[in-house]
Amino acid sequence: MPPSEDWSAVVPLMLGLIFASFVVGYLLGSIPFGLILTRLSGGGDVRKIGSGNIGATNVLRTGNKPLAALTLLLDVLKGTAAVWLGSHFGPYAAMFAGLGAFLGHLYPVWLGFRGGKGVATYIGVALGLYWPAALAFCVVWLLVAITTRYSSLSALVASAATLGSLVLTGQSRLAVFFALLTALLYVRHAGNIRRLTNGEETRIGEKQKA
């Protein structure tokens, strides 16, 4: 069979696998663990307290620290699981699966496309694609959080630092990918950026400001 005919069969197959990986990743990312866990524990709708977010930081405002920790873990793992599934079909499928998971968490179809801020799933995707990036994110996040006690600022600085570390270490393909994820994370933190600028952002451990 001529090479051109080989490619005509392979390319549509690969594109189909990449698209399928993205869709599966999106569905995984759309699972609102924070909402599910708080309801199962009798805590009601987590979207009606604090920031109205479905992530671990807002679950923590219910006062249930183990539940917040479990939410964080599951939101991380759904990103990692999506990348792992996609990796069976190649590196591009893995990245698109990770992108799907991240978008799913930010804009879950089950909740009218109103989801979380994406920090935990960002870490999970990084863990699946290139674990040093996840480690860099966590180290920077902890340092900024300890220093400032702002969860949002920690995430913003850590994501930028992660992107910078990928550029500096020559991970060009991943740098382009995480530039997209970081941009999306900043978009979802627009309100936090505004409150930080105005000195109105809630610190870790404080009650959500009106």
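The notes below deal with the structure included here. (Residues numbered from 1 in each chain as written. Predicted model: local features only at pLDDT ≥ 70, side-chain atom pairs only at ≥ 80, totals over all residues. Heavy atoms only, no water.)

**Points about the pattern of salt bridges**
Summed over all chains, the structure comprises four salt bridges. Here Arg47 ties to Asp45 by a salt bridge, and the two come within 2.9 Å at their closest N and O atoms. On the basis of relative accessible area, Arg47 is assigned to the partly exposed category, the value being 33%. Glu201 is paired through a salt bridge with Arg195; the nearest N and O atoms lie 2.9 Å apart. Relative accessible area serves as the criterion here: at 5%, Glu201 is assigned to the buried category. Arg195 gets classed as partly exposed once you look at its relative accessible area, which sits at 22%. Overlapping salt bridges bring together Arg39, Asp45 and Arg47 as one network. (Salt bridge = Lys/Arg side-chain N within 4 Å of Asp/Glu carboxyl O. Buried < 20%, exposed > 50% of the residue type's maximum accessible area, 1.4 Å probe, protein only.)

**Side note on helix 4 (residues 65-87)**
Relative to the 33 Å expected for 23 residues at 1.5 Å per residue, helix 4 spans 33 Å between its end C-alpha atoms, a close match to the ideal helical length. Listed in full, the buried residues belonging to helix 4 are Leu67, Ala68, Thr71, Asp75, Val76, Lys78, Gly79, Thr80, Ala82, Val83 and Gly86. (Helix = DSSP H or I, 4+ residues; strand = E, 2+ residues; numbered from the N terminus. Expected span 1.5 Å × (residues − 1).)

**Observations concerning helix 9 (residues 172-188)**
The terminal C-alpha atoms of helix 9, which comprises 17 residues, lie 24 Å apart, in line with the 24 Å expected from a rise of 1.5 Å per residue. All of the buried residues in helix 9 are Leu174, Ala175, Phe177, Phe178, Leu181, Thr182, Leu184 and Leu185. In the core, the buried residues of helix 9 are packed alongside helix 5 (91-106), helix 6 (119-129) and helix 8 (151-168). (Contact = heavy atoms within 4.5 Å.)

**Section: unusual backbone geometry**
Keep in mind that most residues, glycine aside, have a negative phi and that most peptide bonds are trans. For Phe113, which is not a glycine, the phi torsion comes out positive at approximately 65°. Relative to the elements of secondary structure, Phe113 occurs in the loop between helix 5 and helix 6. Judged by relative accessible area, which is 48%, Phe113 ranks as partly exposed. For Arg149, which is not glycine, the phi dihedral falls at a positive 65°. Looking at the element boundaries, Arg149 is found in the loop between helix 7 (131-148) and helix 8. For Arg149, a relative accessible area of 37% translates into the label partly exposed.

**Overview of the packing of helix 6 against helix 7**
Contact geometry for helix 6 and helix 7: axes closest at 5 Å, N-to-C directions at 145°. Facing helix 6, whose interface residues are Val119, Tyr122, Ile123, Ala126, Leu127 and Leu129, helix 7 presents Trp131, Ala133, Ala134, Phe137 and Cys138. A class-by-class count of the residues in the contact of helix 6 with helix 7 yields eleven nonpolar, no polar and no charged. (Axes fitted to C-alpha atoms, helices over the stretch in contact; angles between N-to-C directions. Nonpolar A, V, L, I, M, F, W, Y, C, P; charged D, E, K, R; others polar.)

**Digging into the packing of helix 6 against helix 9**
What describes two packed helices is the angle between their axes and the distance between those same axes. Where helix 6 meets helix 9, the axes come as close as 11 Å, and the angle between the chain directions of the two elements is 170°. On the basis of their axis angle, the class for helix 6 and helix 9 is roughly antiparallel. Where helix 6 abuts helix 9, its residues Val119, Tyr122, Val125, Ala126 and Leu129 lie against Leu174, Phe177, Phe178, Leu181, Thr182 and Leu185. Residue composition of the contact of helix 6 with helix 9, grouped by class: ten nonpolar, one polar and no charged. (Parallel < 35°, antiparallel > 145°, perpendicular 65-115°, else oblique.)

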